[in-house]
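Letter by letter, the chains look like this.
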Amino acid sequence: MVTCYLRYVVDPHKLDAFEAYGKLWIRLVEKFGGKHHGYFMPSEGVSNVALAMFSFPSLAAYEDYRKRSFDDPECQAAFAMNEKERFIISYERSFFRPVFEDDQGVKRAP
């Protein structure tokens, strides 16, 4: 499994538009087989940084999602939202290997 971590620098005057964008992507990631862990909006402290995390079974599955998203009309509409409103100033993407407990609540052996 691989988890994608996105750190966005957003226009603090357009947080409502960014939040609407994020809500669209939660469903779209899951449409392509991922598990979205949510968007995290600025609250206290810094006013222009938001985060998102979602997982796919493998890096290959993530890459397939990325490829297919460029041809999907719903994804294209979401991309167009930011092109029109310009609420994302920049973003960075990193990948992590998550660690979970197994189904019985017992930690996995190393």
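Everything that follows concerns the structure shown earlier in this document.
Here the structure is a predicted model, which means the values were calculated and not measured.

Asks: Would you explain helix 2 (residues 59-69) in this entry?
Replies: Every α-helical turn comprises 3.6 residues, leaving residues that sit three or four positions apart pointing alike. For helix 2, the set of buried residues is Tyr 62, Tyr 65 and Ser 69. Relative to the axis of helix 2, the buried residues are bounded by an arc of 55° and lie together on one face. Exposed side chains of helix 2 directed beyond 90 degrees from the buried face belong to Ala 60 and Lys 67. Here the buried face of helix 2 lies against strand 1 (2-10), helix 1 (15-31), strand 3 (49-56), helix 3 (73-85) and strand 4 (88-96).

Asks: Teacher, can you tell me more about the packing of helix 1 against helix 3 here?
Replies: Relative placement of two packed helices is described by the angle separating their axes and the distance separating the axes. Contact geometry of helix 1 with helix 3 gives a least axis separation of 10 Å together with a crossing angle of 160°. Relative to helix 3, the element helix 1 lies roughly antiparallel. When the axes of helix 1 and helix 3 are compared, the crossing they make is left-handed. Of the residues in helix 3, those touching helix 1 at Ala 17, Ala 20, Tyr 21, Leu 24, Trp 25, Arg 27, Leu 28 and Lys 31 are Glu 74, Cys 75, Ala 78, Phe 79, Met 81, Asn 82 and Glu 85. Tallied by class, residues from the contact of helix 1 with helix 3 come to 10 nonpolar, one polar and four charged.

Asks: When you look at the side chain of Asp 11 in this model, what are you seeing that I'm missing?
Replies: Within the secondary structure, Asp 11 is located in the loop between strand 1 and helix 1. Lacking a salt bridge, the buried Asp 11 has Lys 14 as its closest oppositely charged neighbour, with an N-O distance of 4.2 Å. If near-sequence neighbours (up to four positions away) are discounted, Asp 11 is found in contact with Arg 86, Phe 87 and Ile 89.

Cut-offs used in this document
- Chains are numbered independently. Their residues run from 1 in the order of the written sequence.
- Local features in a predicted model are, by the rule used here, given only for residues with pLDDT of at least 70; side-chain atom pairs are given and counted only at 80 or more, and totals for whole chains, interfaces and linings are based on all residues.
- With hydrogens and water stripped out, all remaining heavy atoms of the structure feed into the side-chain values.
- We call a residue buried when its accessible area falls under 20% of the maximum for its residue type, exposed when it is over 50%, and partly exposed in between, using a 1.4 Å probe and counting protein chains only.
- The secondary structure listing takes helices from DSSP runs of H or I that are at least 4 residues long and strands from runs of E that are at least 2 residues long, numbered from the N terminus.
- Arc definition: it is the arc formed by the directions from the helix axis to the C-beta atoms.
- By definition in these notes, contact holds between two residues if any of their heavy atoms fall within 4.5 Å.
- Interaxial angle, 0 to 180 degrees, is taken between N-to-C directions of lines fitted to C-alpha atoms, where a helix line uses only the stretch in contact.
- Any angle that falls under 35 degrees is termed roughly parallel, while one over 145 is termed roughly antiparallel, one within 65 to 115 roughly perpendicular, and all others oblique.
- Handedness of a crossing is defined here by the sense of rotation of the near helix relative to the far one, left-handed for an anticlockwise turn of less than a right angle and right-handed for a clockwise turn.
- Each residue receives one of three labels: charged for Asp, Glu, Lys and Arg, nonpolar for Ala, Val, Leu, Ile, Met, Phe, Trp, Tyr, Cys and Pro, and polar for the others, Gly being one of them.
- In this tally, Asp and Glu contribute negative charge and Lys and Arg positive charge; neither His nor the terminal groups of the chain are included.
- When a carboxyl oxygen of Asp or Glu is within 4 Å of a side-chain nitrogen of Lys or Arg, the pair counts as a salt bridge.

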